[in-house]
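# Coordinate inspection notes
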Amino acid sequence: GTLQSATGFKVRSADIDGRKLVFNSDAELPDGSLFSFTLRSSLQGGGNGELTFPDPELFVSPGWPLPDFWLPVFSAVALDLGSTIRIAQVESRQGSLAVSGVLVFGKAPEDWRGGVED
């Protein structure tokens, strides 16, 4: 597949469509050419320092007479943010993305539950 053989990816732009992030991106192919694609997904925070894209879809435009559609491409994908960031909540608000959580300095509490301790 074209995306599987890519040697690199670049996000040209990102936007919010309802409760989903939309990425207009390019994949760099082994022959040096670019494959442009659009990917969208909702976004969830994980208490263990990761952002999860639970429902990624690719935009497919086959041409007339077939309609354009979003094709689910694989199951959830996670982006590891490291052990010092704990994401508690991610939500879309009025065309922007709100992310809340904790930045941990030193050793994280063993019983950390995704929120700020009292």
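Structure: see above.
Below, the structure is looked at part by part.

Conventions we followed
- Here the residue numbers are simple positions, counted from 1 along each chain's written sequence.
- Local features are withheld for residues below a pLDDT of 70 in this predicted model, meaning they are given only at 70 or higher, and side-chain atom pairs are given and counted only at 80 or more; totals for whole chains, interfaces and linings count all residues.
- Heavy atoms from the whole structure form the basis of all side-chain values; hydrogens and water molecules are not counted.
- Each helix is a run of DSSP H or I of at least 4 residues and each strand a run of E of at least 2, with the numbering of both proceeding from the N terminus.
- Buried residues are those whose accessible area, probed at 1.4 Å on protein chains only, stays under 20% of the maximum for their type, while exposed residues exceed 50% and partly exposed ones sit between those limits.
- It only takes one pair of heavy atoms within 4.5 Å for two residues to be counted as in contact.
- Only the protein chains shown count as cover for residues, with accessible areas throughout obtained via the Shrake-Rupley method and a probe of 1.4 Å.
- The set of buried Ala, Val, Leu, Ile, Met, Phe, Trp, Tyr and Cys residues whose side-chain atoms join them within 4.5 Å is what this entry labels a nonpolar core.
- Here, a strand pair is defined by DSSP locating no fewer than two bridges between the strands.
- Only the stretch in contact is used when fitting a helix axis, every axis being a line fitted to C-alpha atoms; angles between N-to-C directions are given from 0 to 180 degrees.
- The salt bridge criterion pairs a side-chain nitrogen of Lys or Arg with a carboxyl oxygen of Asp or Glu, the two atoms within 4 Å.
- Polar contact is the term for a pair of N or O atoms within 3.5 Å; when the atoms are in protein, one must be able to donate a hydrogen and the other to accept it, and sequence-neighboring residues count only if both atoms are side-chain atoms.

## Description of the overall build of the protein chain
Along the protein chain, the regular secondary structure elements total zero helices and ten strands. Along the protein chain, helices (α) and strands (β) appear in the sequence β-β-β-β-β-β-β-β-β-β when read from the amino end. Taking all 118 residues of the protein chain together, the buried fraction comes to 27%. Here the analysis covers contacts within the protein chain between residues at least 6 apart in sequence; of these, 30% occur between residues at least 24 apart. For the protein chain, the accessible surface area stands at approximately 8000 Å², while carbon and sulfur atoms represent 55% of it.

## Concerning the nonpolar core
Proteins that are soluble and globular tend to have nonpolar side chains buried together. Within the largest apolar cluster, seven residues are counted, these being Leu21, Phe23, Leu43, Leu51, Phe53, Ile87 and Val90. Contributing elements (two or more residues each) for this core: β2 (20–28), β5 (50–53) and β9 (85–93). Judged by nonpolar contacts, the second largest core, of five residues, contains Ala6, Leu29, Phe37 and Leu58.

## A closer look at the pairing of β2
Sheet topology note: the strand β1 (residues 8–17)/β2 ladder contains nine bridges and is antiparallel. Bridge assignment links Phe9 to a residue of β2, and that residue is Ala27. Connecting β1 to the next strand, β2, in antiparallel fashion are two residues, including Gly18 with a positive phi near 65°. One ladder, built from eight bridges, connects β2 with strand β3 (residues 34–41); its direction is antiparallel. Residue pairing for β3: Asp26 is matched across the bridge by Ser36. The antiparallel hairpin formed by β2 and β3 contains five residues in its connecting segment, where Gly32 sits at a positive phi of about 90°.

## Quick notes on the sheet that holds β3
If you walk across this open sheet you meet the five strands as β1-β2-β3-β6-β7, and the pairing is antiparallel. Of all the strands in the sheet, the pair left with one neighbour each is β1 and β7 (69–72). Here the strands of the sheet are splayed against their neighbours by 35° on average, with no regard to which way each runs. Examined bridge by bridge, β3 and strand β6 (residues 57–60) share two bridges and lie antiparallel to one another. Bridge pairing in β6 places Leu39 opposite Leu58.

## Quick notes on the pattern of salt bridges
Here the structure, examined in full by the defined rule, presents five salt bridges. Ionic pairing is found between Arg40 and Glu57, a salt bridge with its closest N-O pair at 2.7 Å. One end of the pair, Arg40, is in strand β3; the other, Glu57, is in strand β6, and 17 residues separate them in sequence. As far as burial versus exposure is concerned, Arg40 and Glu57 are alike and both buried. A single salt-bridge network, built from bridges that share partners, covers Lys20, Arg40, Asp55 and Glu57.

## With respect to the environment of Lys20
With respect to the helices, strands and loops of the structure, Lys20 is situated in strand β2. The sequence separation of Lys20 and Pro56 amounts to 36 residues, and the corresponding C-alpha distance is 9.5 Å. Residue contacts for Lys20: discarding those within four places in its chain leaves Asp15, Arg40, Ser41, Ser42, Asp55 and Glu57. A distance of 3.4 Å separates a polar atom in the side chain of Lys20 from a polar atom in the side chain of Asp55.

So yeah, pure geometry; function would need other evidence.
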